[in-house]
Amino acid sequence: MAHYFLVVWGPSDYGEFDTYGTQEERDAQMAATGVFNDRLKEEGSFVYANGLTEPSTATVVDGTGAEPVFTDGPYIESKEYFAGLWIVDVPDLDAALKLAAEGSKACGRKVEVRPTGSV
């Protein structure tokens, strides 16, 4: 088994219903994502999952110099940002890609797949 990082991409426009157009749309996507998470847990491939707050809440830390520098806001300006993530434990990339497709459908967002360094 190997760990894969499934990164959910979302739009940078954050509004009344997070990044969704309506409360109903948000509720439906959250419910579908919850069902998907429950299935991952039942199958034993769930390691961790969570959503992220909007990019404006980020702090960038640069500790490469003599003193660390802390900067409010995201590292880069973008029309899309990391909206959430899953870490899954699956046999191979094909299994991770299959879960990413299902997770993408559940949350209504694009999902990027990357193996972790232990693969």
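Given the structure is predicted, the values throughout are model-derived calculations rather than measurements.

(A) How the structure looks around the UniProt feature "domain: YCII-related" (unreviewed entry) in the chain. Under the UniProt annotation, "domain: YCII-related" (unreviewed entry) lies at residues 21-102. Regarding residues 21-102, the helix share stands at 38% and the strand share at 30%, and the terminal C-alpha atoms are separated by 21 Å.

(B) Focus on the nonpolar core. Ranked by internal contacts, the top residues of the largest apolar core, which has 19 residues, are Tyr4, Leu6, Trp86, Val88 and Leu99. For this core, the secondary structure elements donating two or more residues are β1 (2-11), α1 (23-43), β5 (80-90), α2 (93-107) and β6 (110-115). What Leu6 contacts, discounting residues up to four positions off in sequence, is Gly84, Leu85, Trp86, Val88, Ala96, Leu99, Ala100, Val111, Glu112 and Val113.

(C) Here's a closer look at the sheet that holds β6. Pairing within the open sheet is antiparallel, and its 4 strands lie in the order β2-β5-β1-β6. The strands lining the two open edges of the sheet, one partner per strand, are β2 (46-51) and β6. Each adjacent strand pair in this sheet contributes to an overall mean axis angle of 20°, direction not counted. As defined by bridge partners, β1 adjoins β6 across 6 bridges and the pair is classed as antiparallel. Within the sheet, the bridge partner assigned to Leu6 lies in β6 and is Val113. Contacts from α2 reach β1, β5 and β6 within the one sheet, and its direction differs from that of β6 by about 155°.

(D) Structural view of the packing of α1 against α2. Between α1 and α2, the least distance of the axes is 7 Å, while the angle of their chain directions is 150°. Relative to α2, the element α1 lies roughly antiparallel. Contact residues: Gln29, Ala32, Thr33, Phe36, Arg39, Leu40 and Glu43 in α1; Leu99, Glu102, Gly103, Lys105, Ala106 and Cys107 in α2. Looking at side-chain class alone, the contact of α1 with α2 contains 6 nonpolar, 3 polar and 4 charged residues.

Each value, and the rule that gives it
Residues numbered from 1 in each chain as written. Predicted model: local features only at pLDDT ≥ 70, side-chain atom pairs only at ≥ 80, totals over all residues. Heavy atoms only, no water. UniProt positions renumbered as here; feature names shortened; annotations may be inferred. Helix = DSSP H or I, 4+ residues; strand = E, 2+ residues; numbered from the N terminus. Core = buried A, V, L, I, M, F, W, Y, C linked by side-chain atoms within 4.5 Å. Buried < 20%, exposed > 50% of the residue type's maximum accessible area, 1.4 Å probe, protein only. Contact = heavy atoms within 4.5 Å. Pairing = 2+ DSSP bridges. Axes fitted to C-alpha atoms, helices over the stretch in contact; angles between N-to-C directions. Parallel < 35°, antiparallel > 145°, perpendicular 65-115°, else oblique. Nonpolar A, V, L, I, M, F, W, Y, C, P; charged D, E, K, R; others polar.

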